[in-house]
Amino acid sequence: MENNKEPLSLIIIIIGFMVLLNLVLEVHSAEKFTITRHDFPNDFVFGSGTSAYQWEGAADEDGRTPSVWDTYAHDGYVHGGQNGDVACDGYHKYEEDVKLMVESGLEAYRFSISWSRLIPNGRGPVNPKALEFYNNLINELINNGIQPHVTLHNFDFPQALEDEYGGWISRKIIRDFTNYADVCFREFGDRVSYWITINEPNVFSLGGYDQGNGPPHHCSPPFCNNKSKRGNSTTEPYLALHHILLAHSSAVRLYRTKYKEKQNGFVGISVYSFGFFPNTTTEKDILAAQRARDFFVGWVMEPLLHGDYPTSMKKIAGTRIPTFTDRESKLVKGLIHYTNLNITDNSLVLESNLRDFSADMAVLMQTGVERLELFYKLEILTASLMFFSSLCAIYNWLNFDGSDLFANAEYPIEPWGLIEELNHFKLNYGNPPMFIYENGQRTASNASLQDVSRVKYLQGYIGATLHSLRNGSNLKGYIAWSFIDLFELLDGYESSFGLYYVDRNDPELKRYPKLSAKWYSWFLKGRSFAVEAIELEKDPSHISIDHFFD
């Protein structure tokens, strides 16, 4: 951070959280849910979200070119060989979706911009059709009183830049990303106050450049979870993330010097993280937990906090991890946060001369895929920066074999974890203003529209939010994930998080409200009731999905 006095840098952390404690905390249960929107302050914001490749569709329309996510999906690496060519057709149906947001009572909407739609070659001419689309979407939101939150890069940079110089493994992308950010700030910044540069750079670097679990699908044997003909798992994840940090700092610096005075917005980066606890009290496991924290969390957060990578990373990875110049280190400073995961020492792997990121970390992680995900982000604003976090994941990008990634199992409802995390922020970070940025329940895509589990999930975590607010946490908003059923990164259309169901057998991709959409809308409009008190009414127009009411 160049100047700690400038209230401009935004950092986003996504925190994967596994439940290790059997805590019993007083929160509003689904059976006794009596709170309403009126229990929250008037300036507390409720909303929901999507992202470009997951929602827009129109993959080859109006000048858009493929992103690396398009290529990854079309190469068959998403469950069932599915892709986002059509997705939810948000490109054509945005007005309909905003109308649903208005009917639902949303106050904020999170979405991302497709770089390959806005600047099809990655650099050079701006696509006027893309400008028209995003201006129309933003204006539609603003005109209906909905606050936009915008991400610039969500796993989907232009394939043209990948083909030309390898994307994030080249320093050339720093300039191209900064120019792309400049276009977005210039064209949309008069109406957008919340910007996210890159979503989850550590997960993106691990999945995309080490194990091949995500776009752009780089990896090298024996570290590939999916076969790939390109990449070097021992160096590329370190190199990609290094360039991401430099690109982020370049975009922040640009905003400060060129746009901040007039637009008064915030620009930041999203970092996926989870905390690490030793599996035993042995010295080896204690050191292993710290090493894991250094590698997975400190990899991004230490440069943002101190301007350099953790000492343990530099010692183990050696020349495979890039070095910041003195000037660069001043541009990437910020904050850090974490929660918990069981760790066992595995330092014997360091005896191997051929190591990737995971081997360098040298730990065994007891994630337990059956715990699945607790999915929410905390957006934290301070005087000098905005900070997002999320209790998310256990898609084990570090050691998984892929067999459980495509399960449709629902997540456990344990809102005490959110309370504990918010309390941690209150006690350890000066209680900055915070948004719970994502919170959602996964179900199978062919599950009933009577998604009682999602309603109970929302009730539990909204109750936990109010509990924390009343307990002194400086909370400012709650953003549920996701607004409608999307194309998911790993399991395509097989699972869903949406408040609205999308009928993919209907050429018009008709949207249908689930029980959760009705509940969320009623809650936002000040009504209070238990899930048992509401049900969806069948409508003659629902005949094609009649079986989903059962």
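The structure we're discussing is the one just above.
Note that this is a predicted model, so its numbers are computed, not measured.

**Q** What is the right way to look at the overall build of the protein in this model?
**A** In terms of regular secondary structure, the protein is built from 17 helices and 17 strands. Counting every position in the protein, which comprises 550 residues, the buried fraction comes to 64%. For the protein, the computed accessible surface area is about 19900 Å², with 49% contributed by carbon and sulfur atoms.

**Q** Please clarify how helix α9 (residues 236-258) should be interpreted in this entry.
**A** Every α-helix winds through 3.6 residues per turn, so residues three or four apart in the chain are directed the same way. The end-to-end C-alpha separation of α9 is 32 Å, in line with the 33 Å expected for 23 residues at 1.5 Å each. In terms of burial, α9 is a largely internal element, 20 of the 23 residues being buried.

**Q** When you look at the pattern of salt bridges in this model, what are you seeing that I'm missing?
**A** Oppositely charged side chains can pair when the atoms bearing their charge come close. For the structure on display, the rule yields 18 salt bridges. Where R511 meets D97, a salt bridge forms, and the shortest distance between an N and an O atom there is 2.8 Å. Taken together, the residues R511 in strand β17 (residues 511-513) and D97 in helix α3 (residues 90-104) connect sequence positions 414 residues apart. Pair check on accessibility: R511 and D97 agree, each one buried. Between E162 and R230 there is a salt bridge; the shortest N-O distance is 3.1 Å. A residue pair is termed long-range when its members are at least 10 positions apart, and E162 in helix α6 (residues 159-165) and R230 in the loop between α8 (201-209) and α9 qualify at 68 residues. In the salt-bridge network here, residues are joined through shared partners; they are R123, E164, R175 and D176.

**Q** Got a minute to help me understand the pairing of strand β14 (residues 475-481) in this structure?
**A** One face of the sheet, then the other: side chains in a regular strand alternate in exactly this way. Of all 7 residues in β14, 6 are buried, a share of seventy percent or more. As paired strands, strand β2 (residues 45-49) and β14 are joined by 5 bridges and run parallel to one another. Directly across from F46, in β14, lies its bridge partner Y478.

**Q** Can you help me understand the state of the cysteines in this one?
**A** Such a bond, covalent and formed between the sulfur atoms of two cysteines, is termed a disulfide. Counting across every chain of the model gives 1 disulfide. Here C219 is linked by a disulfide to C224, with a sulfur-sulfur distance of 2.0 Å. Between C219 and C224, the S-S torsion sits near 115°, and that sign places the bridge as right-handed. What makes C219 buried here is its relative accessible area of 2%. What makes C224 partly exposed here is its relative accessible area of 23%.

**Q** Just checking my understanding: could you explain unusual backbone geometry for this structure?
**A** Trans peptide bonds make up most of the peptide bonds, and negative phi angles are found at most residues other than glycine. Residue P222 is bonded to the preceding P221 through a cis peptide linkage, with omega at 5°. Residues W481 and S482 are joined by a peptide bond in cis, for which omega reads -5°. Within the secondary structure, S482 is located in the loop between β14 and β15 (495-496). The phi torsion at F155 lies on the positive side, around 70°, for a residue other than glycine. With respect to the helices, strands and loops of the structure, F155 is situated in the loop between β4 (147-153) and α6. Within the chain, H217 stands out as a residue other than glycine whose phi angle is a positive 65°. Checked against the element boundaries, H217 lands in the loop between α8 and α9.

**Q** When you look at the environment of E140 in this model, what are you seeing that I'm missing?
**A** Mapped onto the elements of the fold, E140 is located in helix α5 (residues 128-143). The exposure class of E140 is partly exposed, given its relative accessible area of 23%. For the pair formed by E140 and V98, sequence separation is 42 residues and the distance between their alpha carbons is 7.1 Å. Not counting residues within four places of it along the chain, the set of residues in contact with E140 comprises Y94, E95 and V98.

**Q** Quick question: what am I supposed to make of the packing of helix α7 (residues 172-188) against α9 here?
**A** How two helices pack is summed up by the angle between their axes together with the distance between the axes. Orientation of α7 relative to α9, taken along the N-to-C sense of each, is 35°, at an axis distance of 9 Å. Remark: the crossing between α7 and α9 carries right-handed chirality. Taking contact as the criterion, the partners of I174, F177, T178, A181, D182 and F185 in α7 are, on α9, H243, L246, A247, S250, A251, L254, Y255 and K258.

Quick notes on the rules
- Residues numbered from 1 in each chain as written.
- Predicted model: local features only at pLDDT ≥ 70, side-chain atom pairs only at ≥ 80, totals over all residues.
- Heavy atoms only, no water.
- Helix = DSSP H or I, 4+ residues; strand = E, 2+ residues; numbered from the N terminus.
- Buried < 20%, exposed > 50% of the residue type's maximum accessible area, 1.4 Å probe, protein only.
- Areas by Shrake-Rupley, 256 points an atom, 1.4 Å probe, with all protein chains shown as cover.
- Expected span 1.5 Å × (residues − 1).
- Salt bridge = Lys/Arg side-chain N within 4 Å of Asp/Glu carboxyl O.
- Pairing = 2+ DSSP bridges.
- Disulfide = S-S within 2.5 Å.
- Contact = heavy atoms within 4.5 Å.
- Axes fitted to C-alpha atoms, helices over the stretch in contact; angles between N-to-C directions.
- Left-handed = near helix turned anticlockwise from the far one by under 90°.

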